[in-house]
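Each chain, written out:
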Amino acid sequence: MNIADLQQPKEGDARMNIADLQQQAEEMVEWLAAYGADPEGGVTRLLYTSSWIEAQQAMDRKMRAMGLDTYYDDAGNLFGRIASEDPEAGTILTGSHVDTVKCGGKYDGAFGIIAGLLALRYLKETYGPPKRNIEVVSLCEEEGSRFPLTFWGSTNITGTAPTDHIAQIRDSEGIPFVEAMNKAGFGLGHYRSPLRKDILSFIELHIEQGAILEREQTTIGIVEQIVGQKRLTIECSGEANHAGTTPMGWRKDALRGASQMIVAIMEAADRRGAPLVATVGKIEVEPNVSNVIPDKAAFTLDIRHPQGDVLDAFCEEAVAICFAAAQDRGLQVKVNQHLDVRPVGMDASLLRSIETICQAQGLPYRLMPSGAGHDAQIMAAHYPTSLIFVPSHRGISHNPAEYTSKEDLAAGVQVLIRLLYELGYEKETIS
Ligand code: HGY
Ligand code: MN
Ligand code: MN
């Protein structure tokens, strides 16, 4: 594979066959999507499950076949590496998460790993050993789709993982987090400590998961800021009773109380208006049978906003709504907040480098915020970090219909190759 006018081709630059790159990117997306393919045509690859283990093992083989040295850390992050000849050199890290939501798409997270793999193979084949180590990481978990915990991969790397929280958490089948982790072979000290002190910068390539780029016929999104995000679980407890013999005024109906809370929270979000978003994505009812008044109703609440103070104020308002409704319905209520990620800006100097690369490569681009959470927002608090988007067709994501064209995939890889070249081979020092 050789590279074509990425930007001021250097002597020794071969010519990249763009059609090859497009085909390889598309084929690798399909290859990875087979791990966790579900009957609805989506992908379900949840942390430490068999499809997750098979995907990481396949990715390990693929990384080695593509010429990288590979290793795991003890959380289950998998790294592919091109080593510098300088033993003191730091590391430029790229990549994204290998886990998915339930019945998700083929590109969310996966594309960032695949792009990194294609970029590192090209760089090693064309330029040999870099000045600084360059690695691509298949991060073990970001979505929070199996356990009430998110960013498990990137928070382990930055040393901010909620390790005190994991002893209590279980998935919806009651499997404890630590048991699942140990069964998958991790958390046992068999691999290196996840904490990294050698990372110089983190670059994440990701699908936009929104419709702006496609609507504006723009190929590259350069993210300036990622919204802050809070995730809570609200548990209502009432009294199970007979659906036929219990008058309405005598009930302690947990589901009616939860419903009242949810409607009131959504109306409060409407009043607050954009760009605040609030989502109740999951609700569990017990005993969940048609002729018993529910005594338990637990729902999740995901709140996002680009300003930390507004995010905090709305969260307080939502919690107050829950306690008021519980009192009104004679219920007990427990509110657990298990995620609080602050809004964060991306690195200005990396942002400028990416702009210059897009201009040189003649790629239409725009600066933009990210309404989705990403590992980049965890990394950004510790290293110079950038997040680069490629378009999502019709803005659809977290859905089997998620799609990005091979042309747009390849354009993202080209930008990544050039940026990693500058960071890993060219610049004497980087911020
Ligand atoms: O939920 C999110 O924003 C991301 O897709 N995990
Ligand atoms: Mn996602
Ligand atoms: Mn993602």
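Residues numbered from 1 in each chain as written. Chains lettered and ligands numbered in written order. Predicted model: local features only at pLDDT ≥ 70, side-chain atom pairs only at ≥ 80, totals over all residues. Heavy atoms only, no water.

Peer 1: Looking at this structure, how should I read the environment of Asn156?
Peer 2: In this fold, Asn156 is placed in helix 4 (residues 152-158). With 37 residues separating them in the primary sequence, Asn156 and Ala119 have C-alpha atoms 25 Å apart. Beyond its immediate sequence surroundings of up to four residues, Asn156 is in contact with Ala75, Asn77, Ala161, Pro194 and Leu195. (Helix = DSSP H or I, 4+ residues; strand = E, 2+ residues; numbered from the N terminus. Contact = heavy atoms within 4.5 Å.)

Peer 1: Even after reading the chapter, I still don't get the pattern of salt bridges, so can you show me in this structure?
Peer 2: Proximity of charged atoms lets side chains of opposite charge pair with each other. In total, this model carries 19 salt bridges according to the counting rule given. Asp340 is the salt-bridge partner of Lys230, the closest N and O atoms lying 3.5 Å from each other. Of this pair, Lys230 sits in strand 7 (residues 228-237) while Asp340 sits in strand 13 (residues 332-341), and the two are 110 residues apart along the sequence. Here Arg418 ties to Glu426 by a salt bridge, and the two come within 3.4 Å at their closest N and O atoms. A residue is classified by how much of its surface remains accessible, and Arg418, at 3% relative accessible area, is buried. When salt bridges that share partners are traced, they join Arg81, Glu135, Arg196 and Asp198 into one network. (Salt bridge = Lys/Arg side-chain N within 4 Å of Asp/Glu carboxyl O. Buried < 20%, exposed > 50% of the residue type's maximum accessible area, 1.4 Å probe, protein only.)

Peer 1: Hey, could you run me through the state of the cysteines in this one?
Peer 2: What we call a disulfide is simply a covalent bond connecting the sulfur atoms of a pair of cysteines. As enumerated under the stated definition, the model contains zero disulfides in all. For Cys315, which is in no disulfide, the shortest distance to another cysteine sulfur is to Cys322 and amounts to 9.3 Å. Taking the relative accessible area as the measure of exposure, Cys315 reaches 6% and is therefore buried. (Disulfide = S-S within 2.5 Å.)

Peer 1: Can you walk me through the coordination of the manganese ion (ligand 3) in this structure?
Peer 2: Four donors placed tetrahedrally about a metal ideally form angles of 109.5 degrees, and six donors placed octahedrally ideally form angles of 90 or 180 degrees. Surrounding the manganese ion (ligand 3) are the protein donor atoms His97 (NE2), Asp108 (OD) and His206 (NE2), at 2.1 to 2.3 Å. Donor residues for the manganese ion (ligand 3), ordered by position in the chain, follow H-x10-D-x97-H. For Asp108, a relative accessible area of 5% translates into the label buried. Given the relative accessible area of 1%, His206 is considered buried. (Donors = N, O, S within 2.8 Å, 3.2 Å for Na, K, Ca; no water.)

Peer 1: Explain the site of ligand 1 to me, please; I cannot follow it from the model alone.
Peer 2: Close to ligand 1 lie Glu142, Glu143, Gln209, Arg231, Arg304, Ala372, Gly373 and His398. For ligand 1, a nitrogen atom lies 2.9 Å from a polar atom in the side chain of Glu143. Between Gly373 and ligand 1, the recorded distance is 2.7 Å, taken from a backbone N or O atom to an oxygen atom. Isolated, ligand 1 exposes 210 Å² of accessible area, and the fraction of that covered by the protein chains is 93%. Class assignment of the residues belonging to the shell around ligand 1 gives a composition of one nonpolar, three polar and four charged. (Near = heavy atom within 4 Å. Polar contact = N/O pair within 3.5 Å; in protein donor to acceptor, adjacent residues only side chain to side chain. Areas by Shrake-Rupley, 256 points an atom, 1.4 Å probe, with all protein chains shown as cover. Nonpolar A, V, L, I, M, F, W, Y, C, P; charged D, E, K, R; others polar.)

Peer 1: Would you mind going over the pairing of strand 3 (residues 91-97) with me for this structure?
Peer 2: Most of strand 3 is tucked away: seven of the seven residues are buried. Taken together, strand 3, helix 3 (residues 110-127) and strand 4 (residues 133-139) form a β-α-β motif whose crossover is right-handed. Of the pairings in the sheet, the one linking strand 3 to strand 5 (residues 199-207) comprises four bridges and is parallel in character. Note on strand 5: the bridge partner recorded for Leu93 is Phe202. (Right-handed = clockwise from strand over helix to strand, strands pointing away. Pairing = 2+ DSSP bridges.)

Peer 1: Explain the coordination of the manganese ion (ligand 2) here, please?
Peer 2: Those donors, Asp108 (OD), Glu143 (OE), Glu143 (OE) and His398 (NE2), are the protein atoms that reach the manganese ion (ligand 2), and they lie 2.0 to 2.8 Å from it. Coordination of the manganese ion (ligand 2) draws on donor residues from a single chain, spaced D-x34-E-x254-H in sequence. Separating the manganese ion (ligand 2) from the manganese ion (ligand 3) is a gap of 3.5 Å, which Asp108 spans by donating to each of them. Residue Asp108 is located in the loop between strand 3 and helix 3, and its partner His398 is located in the loop between strand 16 (385-390) and helix 11 (406-426); the two are separated by 290 residues in the primary sequence. Owing to a relative accessible area of 41%, His398 belongs among the partly exposed residues under this scheme.

Peer 1: What's the story with helix 11 in this structure? I'm lost.
Peer 2: Side chains of residues three or four places apart in an α-helix project in the same direction, reflecting 3.6 residues per turn. Its 21 residues place the ends of helix 11 28 Å apart at the C-alpha level, agreeing with the 30 Å of an ideal helix rising 1.5 Å per residue. Most of helix 11 sits inside the fold, with 18 of its 21 residues counted as buried. (Expected span 1.5 Å × (residues − 1).)

Peer 1: Could you clarify how one ought to interpret the packing of aromatic side chains in this entry?
Peer 2: The geometry of an aromatic ring pair comes down to the distance between the two centres and the angle between the two planes. As enumerated under the stated definition, the model contains 16 aromatic pairs in all. Seen in terms of ring centroids, Tyr127 and Tyr421 are 4.4 Å apart; in terms of plane orientation they differ by 50°. Their pairing is tilted. With a gap of 294 residues between them, Tyr127 in helix 3 and Tyr421 in helix 11 connect regions that are remote in the sequence. Across the pair, Tyr421 and Tyr127 agree in class, each one buried. Positioned above the aromatic ring of Trp31, the side-chain terminus of Lys62 is 4.6 Å from the ring centre. The ring of Phe79 has Arg196 lying over it, and the distance from NZ or CZ to the ring centre is 5.0 Å. (Phe/Tyr/Trp six-rings, centres within 6.5 Å; stacked < 30°, edge-to-face > 60°. Lys NZ or Arg CZ within 6 Å of the ring centre and 35° of its normal.)

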